Amino acid sequence: MFFASDNSGPVHPEILSAIVRANDGYAMAYGADRKMQQALETLKEVFEAPQAAVYLVSTGSAANALALATLSQPWQTVFCSPQAHIHQDECNAPEFFGGNKLTIVPGGDKIEAAALRSTISQEESRGVHGPQRGPISITQITEKGNVYSLKELHEITRVATDFGLLVHMDGARLANAVVRLGCSPAEATWKAGINAVSFGGTKNGCLQLEAVVLFEPEFAWEFELRRKRGAHLISKHRYLSAQLSTYLKDNLWLESARQANRNATRLAKALQERQIELVSEPEANMIFFRASRKLHQRLFEKGAVYHLWDGTIEGPKNELITARLVCDWSLSSSQLDAFAALF
């Protein structure tokens, strides 16, 4: 009954087996292993982007921070939503690696095109004294479990084009969005005007794997230098290569995300049958529900693990508190049903 995060789930057996196989003998370090080139070519094929530059790192924060630093200058600002992971959960890593600042686009977890246009317009109004306009970063799926539609992506990138700005996508859960949208990875990224994506694996069955895909190859060498200077070039790189190869093989990455989304749909239905209030219908693998503090306390006592979103466990028993449940690929039907039976 562990729903705190898809980061907390197990490594997929096929990926774990690939890591064990990669442990045989010796291989060139720092990404010069044979598996690396195969994996990179496969990822380019997945994105239908043969000219893209692809690099592997071991954490999502590294992928986001290094990608944004590469796409921007230190005197520029990065535009993001109030709930963006780069704003709330990365300990100023983007600012540290890029030397710039973040500018929040007013609104919710999704950036809306009109609000983005207004926010961008207000910058570069103080000449040399103020921050200059820089890239836009969007999170797909958002920290509230919402998915940008292709129409919304095109609206955002159209604004970016009007101002001559680049767009980065934090795709830690991109797989969940792709299966939800029913589109190709290319349609969800560069065909929608995205210039770079942090392609997640760790939340979706990998041990420790994130990829940065630069659809503008002129940034490749700078990214390599920033990755090395930032201490994120892994020496025993073959273990990242092995993960990526297996993650992409036979669309394992999509099937894992599809199962995670299915798990959330099943659990949401079970909660609704028990008259539990959902904040919204789940669009991917997250559920937000509202219940009394007394109920949350009882669930925690029974061993359920999840995060409260807008309150603490201590306080008036009848106060309604919103909570987040995150489903990963590994949850079984019996686990989901056992949790729902506690309500």
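Note that this is a predicted model, so its numbers are computed, not measured.

Points about the side chain of Asn100
Relative to the helices and strands, Asn100 is located in the loop between helix H5 (93–98) and strand S3 (101–104). A residue is classified by how much of its surface remains accessible, and Asn100, at 8% relative accessible area, is buried. A polar atom in the side chain of Asn100 sits 2.6 Å from the side chain of Ser72. Setting aside residues up to four positions removed in sequence, Asn100 forms contacts with Ser72, Gln73, Pro74, Gln76, Val78, Pro94 and Glu95.

Some words on the pairing of strand S2 (residues 76–80)
Taken across its 5 residues, S2 has 5 buried, putting it largely inside the fold. Because side chains alternate across S2, one face comprises the buried residues Gln76, Val78 and Cys80, and the other comprises Thr77 and Phe79, equally buried. Taken together, the 3 bridges between S2 and strand S4 (residues 132–139) define a ladder with parallel strand orientation. Note that in S4 the partner of Phe79 across the bridge is Ile136. Strand direction decides the pairing type here: S2 and S3, joined by 4 bridges, are parallel. Of the residues in S3, the one forming a bridge with Cys80 is Ile104.

What to know about the packing of helix H2 (residues 34–46) against helix H10 (residues 238–248)
Here H2 crosses H10 at 35°, and the two axes come no closer than 8 Å. H2 and H10 meet at a crossing whose hand is left-handed. Across the interface between the two elements, Lys35, Met36, Ala39, Leu40, Thr42, Leu43 and Val46 of H2 pack against Ser241, Leu244, Ser245 and Leu248 of H10.

Considering the pattern of salt bridges
Per the counting criterion, the structure on display carries 15 salt bridges. The salt bridge involving Glu41 is made with Lys44; its shortest N-O contact spans 3.6 Å. Of the two residues, Glu41 and Lys44 both sit in helix H2, 3 residues apart, roughly one turn of that helix. Here Glu41 falls in the partly exposed class, since its relative accessible area comes to 39%. We classify Lys44 as buried; its relative accessible area is 17%. With a closest N to O distance of 2.9 Å, Arg266 and Asp337 form a salt bridge. Taken together, the residues Arg266 in helix H11 (residues 252–273) and Asp337 in helix H13 (residues 333–340) connect sequence positions 71 residues apart.

Concerning the packing of helix H6 (residues 113–121) against helix H7 (residues 150–163)
Where H6 contacts H7, the two axes come as close as 9 Å, and the packing angle between them is 20°. Of the possible angle classes, the one that applies to H6 and H7 is roughly parallel. Judged by the sense of rotation from one axis to the other, the crossing of H6 with H7 is right-handed. Every residue of H7 that contacts H6 at Ala113, Leu116, Arg117, Ile120 and Ser121 is listed here: Glu155, Ile156, Val159, Asp162 and Phe163. When grouped by side-chain class, the residues that make up the contact of H6 with H7 number 6 nonpolar, 1 polar and 3 charged.

Here's the deal with the environment of Ser121
Position of Ser121 relative to the elements: it lies in helix H6. Here Ser121 falls in the partly exposed class, since its relative accessible area comes to 38%. Taking the C-alpha atoms as reference points, Ser121 and Ala268, 147 residues apart in sequence, are found 41 Å from one another. Residue contacts for Ser121: discarding those within four places in its chain leaves Arg133 and Phe163.

Some remarks on empty space enclosed by the protein
Counting across every chain of the model gives 2 cavities of 30 Å³ or more. In this model, the largest cavity occupies a volume close to 40 Å³. Around the largest cavity sit Lys144, Gly145, Asn146, Ser280, Glu281, Pro282, Glu283, Met286, Ile287 and Phe288, which together line it. Its residues assigned to classes, the lining of the largest cavity comprises 4 nonpolar, 3 polar and 3 charged. If you add up the space inside the second largest cavity, you get close to 30 Å³. Counted by class, the lining of the second largest cavity contains 3 nonpolar, 3 polar and 3 charged residues.

Rules used throughout
- As a convention, each chain's residues are numbered from 1 in the sequence order in which they are written.
- For this predicted model, a pLDDT threshold of at least 70 governs which residues receive local features, and a threshold of 80 or more governs which side-chain atom pairs are given and counted, while totals over whole chains, interfaces and linings are taken from all residues.
- The side-chain numbers reported here are obtained from all heavy atoms of the structure, hydrogens and water having been left aside.
- Secondary structure elements are defined from DSSP: runs of H or I of at least 4 residues count as helices, runs of E of at least 2 residues count as strands, and each element is numbered from the N terminus.
- The buried label applies to any residue whose accessible area, calculated with a 1.4 Å probe on protein chains only, is under 20% of its type's maximum; exposed applies above 50%, and partly exposed to all values in between.
- Contacts described as polar in this section are N or O atom pairs within 3.5 Å, which, within protein, must combine one atom able to donate a hydrogen with one able to accept it, while residues neighboring in sequence count only if both atoms come from side chains.
- In this analysis, two residues are considered to be in contact whenever any of their non-hydrogen atoms come within 4.5 Å of each other.
- Any two strands with at least two DSSP-identified bridges between them are counted as paired.
- Every angle, taken between N-to-C directions, lies between 0 and 180 degrees, and every axis is a line fitted to C-alpha atoms, over only the stretch in contact when it is a helix.
- The hand of a helix crossing depends on one turn: near helix anticlockwise from the far one by less than a right angle means left-handed, and clockwise means right-handed.
- What counts as a salt bridge is simple: a side-chain nitrogen of Lys or Arg found within 4 Å of a carboxyl oxygen of Asp or Glu.
- Put simply, angles under 35 degrees are roughly parallel, angles over 145 are roughly antiparallel, angles from 65 to 115 are roughly perpendicular, and the rest are oblique.
- Only Asp, Glu, Lys and Arg are considered charged, only Ala, Val, Leu, Ile, Met, Phe, Trp, Tyr, Cys and Pro nonpolar, and every remaining residue, Gly among them, polar.
- A pocket, in this scheme, is an open set of points on a 1 Å grid over the protein atoms alone with protein on both sides within 12 Å along at least 5 of 7 lines, while a cavity is a set where a 1.4 Å probe fits but cannot get out; residues line either one if an atom lies within 4 Å of a point.
- Grid points are joined across faces, edges and corners, and a volume is the space filled by probe spheres set on the points.

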